[in-house]
Amino acid sequence: MRALGSARVVTISASYGAGGSVIAPAVAERLGFPFLDRALPAAASSTAAESADDEERTEGLITRMLSRFASVPDPLTGGVSGVPGVPRDEVLKEQVERQVGQFARSDGVILGWGSTVIVKRAFHVRLDGPEEARVRRGMLIEGLDEGASRKRLADTDRVRSLYIRRMYGRDWRDFELYHLVVDSTSLDLDACVSVIADTARAFWDYTGRPANGPLP
């Protein structure tokens, strides 16, 4: 029987255009693991009120991110209920951490949600790349023109960065948070999947964590 805390978990943090929405589920499939996705797609960043300033737009989007996650069934409580005297953001943050923690009790791949900080014993991956390359990759993945992709990159990177800073006081570009940092714009997507899956297996072998059996 596997010891408590020995689940094999991969967390993936991705800048816009780095292909996280494609690479992360493919890594889960390659490893034969369940997958926990972001609840708010990058496209939602473009719906913020144009008249709002950066701080207002970011605050609103982070609240929407947390509220969207609240629609995911909570294995312990079945949902989020108000707690007198506790800001709603804090209640929702607690639910995010509880659900991510519950998911991470067994093998799995998690995209986003601050899982790099929340799940301490995991293989942490960062996907990034030069801005111009990410703009082009975003155009390809989402079928956008250059202007729309460039705007979405700015909005989405800002929201994801400030989410981590606001909730956990960390800089998502701090490479000390990650075991593997990949310029995913310099490889095709399938190659990125192979690099992450192979390196994760090597990490678990090196750290001596037990496995359920051979991986595909």
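All figures in this text were calculated on a predicted structure; none of them were measured in a lab. (Residues numbered from 1 in each chain as written. Predicted model: local features only at pLDDT ≥ 70, side-chain atom pairs only at ≥ 80, totals over all residues. Heavy atoms only, no water.)

## Structural notes on the overall build of the protein chain
Thinking step 1. Scanning the protein chain from N- to C-terminus turns up 7 helices and 5 strands.
Thinking step 2. Counting helices and strands in the order they occur from the N terminus, the protein chain gives β-α-β-α-α-β-α-β-α-α-β-α.
Thinking step 3. Expressed as a percentage of the 216 residues in the protein chain, the buried residues total 49%. (Helix = DSSP H or I, 4+ residues; strand = E, 2+ residues; numbered from the N terminus. Buried < 20%, exposed > 50% of the residue type's maximum accessible area, 1.4 Å probe, protein only.)

## A few points about the environment of Ile164
Thinking step 1. Relative to the helices and strands, Ile164 resides in helix H6 (residues 146-168).
Thinking step 2. Between the C-alpha atom of Ile164 and that of Val117, which follows or precedes it by 47 residues, the distance is 8.6 Å.
Thinking step 3. Beyond its immediate chain neighbours, meaning those up to four positions away, Ile164 contacts Gly114, Gly169, Arg170 and Trp172. (Contact = heavy atoms within 4.5 Å.)

## Quick look at the confidence of the model for the protein chain
Thinking step 1. With 70% of its residues at a pLDDT of 70 or more, the protein chain has an overall mean of 79.
Thinking step 2. Ignoring residues within four places in sequence, the model shows residues 40-56, a span with pLDDT below 50, making 26 contacts including any to other chains. (pLDDT = per-residue confidence, 0-100.)

## A few points about the nonpolar core
Thinking step 1. Counting 24 residues, the largest nonpolar core has Val10, Ile12 and Leu127 as the members making the most contacts within it.
Thinking step 2. Contributions of two or more residues to this core are made by strand S1 (9-14), helix H1 (20-31), strand S3 (108-111), strand S4 (123-128), strand S5 (180-183) and helix H7 (189-206).
Thinking step 3. By residue number, the principal contributor to this core is H7, which donates 7 residues.
Thinking step 4. Excluding residues within four positions of it along the chain, Ile12 makes contact with Ala24, Val27, Val109, Ile110, Leu111, Gly112, Val125 and Leu127.
Thinking step 5. Counting 20 residues, the second-largest nonpolar core is a separate cluster that includes Leu36, Trp113, Tyr168 and Trp172. (Core = buried A, V, L, I, M, F, W, Y, C linked by side-chain atoms within 4.5 Å.)

## Side note on H6
Thinking step 1. Under the 1.5 Å per step criterion, the end-to-end length of H6 is 33 Å for 23 residues, consistent within 8% with the ideal 33 Å.
Thinking step 2. The opening residue of H6 is Asp145, an N-cap whose side-chain oxygen sits 3.2 Å from the backbone nitrogen of Gly147.
Thinking step 3. Downstream of H6 by a residue or two, Gly169 has a phi angle that is positive, lying close to 65 degrees. (Expected span 1.5 Å × (residues − 1). Polar contact = N/O pair within 3.5 Å; in protein donor to acceptor, adjacent residues only side chain to side chain.)

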